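So you can see what is in the structure, the chains are spelled out below.
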Amino acid sequence: ALPSANVLAHATAQEDRVAASFVLAYGRLPGAAELESWTKLEPLSMGDLLSRHRRQIQSDPAAQEGVAARAALDAFGRAPGQQGPDTRPGGGTYVESMRRNLRWLAENPAEYQAVLHRAYRLLLGRDAFSIEIDYWKRQPTLSFALLVACIEDWARRNQPGLMATTGVASASVNSRYLATVRLSPAVAAEAR
């Protein structure tokens, strides 16, 4: 039974790597067919998987546009092409696009405040209070998607008396606004 247990653990670790690599490269979970085809490859490290994804994205204009659009939507809470930063495809991965978008938000406080208001309107049906704007300005700049997940977690923990966001910002791995993959410590270390 021991050899089959090792094979199963190895297959699960590779599936975790593939799933995490799709989230980092494309900003989405892989489909069942994608997961199957990528796990049939020889076992690859997270770095190797991301390199392959990057090459595929760079060679496919539709994939470039998809990654850029997903990163813009997740960073700003609106579709690309609307007023805001240049979100044209850069040929990089989702993570690289998100880093550019977050840098832009950090350099444009008025736009970041608009992102905060969009997140509060989506979840709570209201703009962020001034005390909440001040609270988020003391935190590192977060994407729209992560802000929504944090506000969702705060609202869940503080019902029914929702007043103003306070305390430690956190997001649940079960947030309906995030694509998440549970990883073993070893695979998580590779992803970092």
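Just so it is clear, the model here is predicted, and its values are computed rather than measured.

Draft legend 1. Focus on the environment of His-117. Inspection of the secondary structure assignment puts His-117 in helix α6 (residues 109–124). C-alpha of His-117 to C-alpha of Ala-128: the two residues are 11 residues apart in sequence and 5.2 Å apart in space. If we skip the residues at most four places from it in the chain, His-117 touches Arg-126, Asp-127, Ala-128 and Ile-133.

Draft legend 2. A look at the nonpolar core. Grouped together as the largest cluster of nonpolar side chains are 36 residues, with contacts concentrated most on Tyr-26, Tyr-112, Leu-116, Ala-119, Trp-136, Leu-142 and Leu-147. The element contributing the most residues to this core is helix α1 (residues 2–26), with 6 residues.

Draft legend 3. The packing of α6 against helix α8 (residues 144–157), seen in detail. Across the interface, α6 lies against α8 with an axial gap of 9 Å and an inter-helix angle of 45°. As judged from the angle between their axes, α6 and α8 are oblique. For the crossing formed where α6 meets α8, the hand is right-handed. Of the residues in α8, those touching α6 at Tyr-112, Val-115, Leu-116, Arg-118, Ala-119, Tyr-120, Leu-122, Leu-123 and Leu-124 are Phe-144, Leu-147, Val-148, Ile-151, Glu-152, Trp-154 and Ala-155. Residue classes in the contact of α6 with α8 are distributed as 14 nonpolar, no polar and 2 charged.

Draft legend 4. Summary view of the packing of helix α4 (residues 61–76) against helix α5 (residues 94–107). The contact between α4 and α5 brings their axes to 9 Å, and the two run at 40°. As summarised for this structure, α4 and α5 are arranged oblique, according to the angle between their axes. As α4 runs across α5, the sense of the crossing is right-handed. Two secondary-structure elements touch here, α4 through Val-67, Arg-70, Ala-71, Ala-72, Asp-74, Ala-75 and Phe-76 and α5 through Tyr-94, Ser-97, Met-98, Asn-101, Trp-104 and Leu-105. Of the residues assigned to the contact of α4 with α5, the class counts are 9 nonpolar, 2 polar and 2 charged.

Conventions we followed
- Per chain, the residues get numbers from 1 upward, laid out in the order the sequence is written.
- Only residues with pLDDT of at least 70 get local features here, since the model is predicted, and only at 80 or more are side-chain atom pairs given and counted; chain-wide, interface and lining totals rely on the full set of residues.
- Side-chain measures were taken over the full set of non-hydrogen atoms in the model, leaving aside hydrogen atoms and water.
- In DSSP terms, a helix is any run of H or I states spanning at least four residues, a strand is any run of E spanning at least two, and both are numbered starting from the N terminus.
- Contact criterion: two residues are considered in contact whenever any of their non-hydrogen atoms come within 4.5 Å of each other.
- To define a nonpolar core, start from buried Ala, Val, Leu, Ile, Met, Phe, Trp, Tyr and Cys residues and group those joined through side-chain atoms within 4.5 Å.
- For every residue, the accessible area (1.4 Å probe, protein chains only) is compared with the maximum for its type, and the residue is labelled buried under 20%, exposed over 50%, or partly exposed between those bounds.
- The angle between two axes is taken between their N-to-C directions and runs from 0 to 180 degrees, where each axis is a line fitted to C-alpha atoms and a helix contributes only its stretch in contact.
- Working definition: roughly parallel below 35 degrees, roughly antiparallel above 145 degrees, roughly perpendicular at 65 to 115 degrees, and oblique for all remaining angles.
- Rotating anticlockwise by less than a right angle from the far helix to the near helix defines a left-handed crossing, while the corresponding clockwise rotation defines a right-handed one.
- Only Asp, Glu, Lys and Arg are considered charged, only Ala, Val, Leu, Ile, Met, Phe, Trp, Tyr, Cys and Pro nonpolar, and every remaining residue, Gly among them, polar.

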